[in-house]
Amino acid sequence: MSTTRPMLNQREAAACRVSRSTIRRRREAGLLPGSVEDPERDWLIPVEALLAAGFTLNALEPVVKVILDCGSWWGDTSP
C-alpha cells in the first residue's frame with residue numbers, strides 16, 4: 001500500500017526554516033521536482049521533493065506560526 005504525502009504551497013514550505021524566496025529559487029532551478037502551479041494556492045511542492053532537497057519538515061515552531069498566520073484564509077483577520 002502506498003501513501004501520498006501532501007503538497008505544500010511556498011508559504012507552507014517555508015516552515016522548513018527557510019525563506020519563501022529560497023523555496024522559490026530552488027523550484028525555479030528545477031530542484032523541487034513535481035511542483036505544480038495551482039491558481040488558488042500558488043505553487044504546490046511535494047513533501048517528498050522538499051525532503052529530497054534536504055529540508056527538515058519537523059520544525060514545529062515555524063509550522064505553528066504558518067498555521068496562525070493563515071487564519072485569514074478562513075475569514076479570521078485577528079493577528
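Residues numbered from 1 in each chain as written. Predicted model: local features only at pLDDT ≥ 70, side-chain atom pairs only at ≥ 80, totals over all residues. Heavy atoms only, no water.

Engineer: Can you help me understand the packing of aromatic side chains in this one?
Structural biologist: Tallied over the entire structure, the rule returns 0 aromatic pairs. The side chain of Arg27 reaches across the aromatic face of Trp43, ending 4.1 Å from its centre. (Phe/Tyr/Trp six-rings, centres within 6.5 Å; stacked < 30°, edge-to-face > 60°. Lys NZ or Arg CZ within 6 Å of the ring centre and 35° of its normal.)

Engineer: Before we go on, may I ask you to explain the environment of Ala49 in this structure?
Structural biologist: Note on placement: Ala49 falls in helix 3 (residues 47-52). Dropping the residues within four chain positions of it, Ala49 is found in contact with Leu32 and Pro33. (Helix = DSSP H or I, 4+ residues; strand = E, 2+ residues; numbered from the N terminus. Contact = heavy atoms within 4.5 Å.)

Engineer: Just to check I follow, could you spell out the pattern of salt bridges for this structure?
Structural biologist: Once their charged atoms are close, side chains differing in charge can pair, the charge on each being opposite to the other. What the rule picks out here adds up to 3 salt bridges. Two residues, Arg24 and Glu28, come together in a salt bridge whose shortest N-O distance is 3.2 Å. Of this pair, Arg24 and Glu28 are both found in helix 2 (residues 20-28), 4 residues apart, which corresponds to roughly one turn of the helix. For Arg24, a relative accessible area of 33% translates into the label partly exposed. (Salt bridge = Lys/Arg side-chain N within 4 Å of Asp/Glu carboxyl O. Buried < 20%, exposed > 50% of the residue type's maximum accessible area, 1.4 Å probe, protein only.)

Engineer: Please explain helix 2 as it appears in this structure.
Structural biologist: Given 3.6 residues per helical turn, the α-helix brings residues three or four places apart onto the same face. By the burial criterion, the buried members of helix 2 are Thr22, Ile23 and Arg27. Taken around the axis of helix 2, the buried residues stretch over an arc of 135°, which confines them to a single face. Lining the buried residues of helix 2 we find helix 1 (10-13), strand 3 (42-46) and helix 3. Looking at the residues trailing helix 2, positive phi occurs at Gly30, about 80°. (Arc of directions from axis to C-beta.)

Engineer: What is the right way to look at the sheet that holds strand 2 (residues 36-38) in this model?
Structural biologist: Strand pairing in a sheet takes place through backbone hydrogen bonds and is either antiparallel or parallel in direction. Ordered by their spatial adjacency, 3 strands build an open sheet running 1-3-2, and the pairing between neighbours is antiparallel. Two strands bound the open sheet, and with one partner strand each, they are strand 1 (7-9) and strand 2. Averaged over neighbouring strand pairs, the angle between their axes works out to 40° when direction is ignored. (Pairing = 2+ DSSP bridges. Axes fitted to C-alpha atoms, helices over the stretch in contact; angles between N-to-C directions.)

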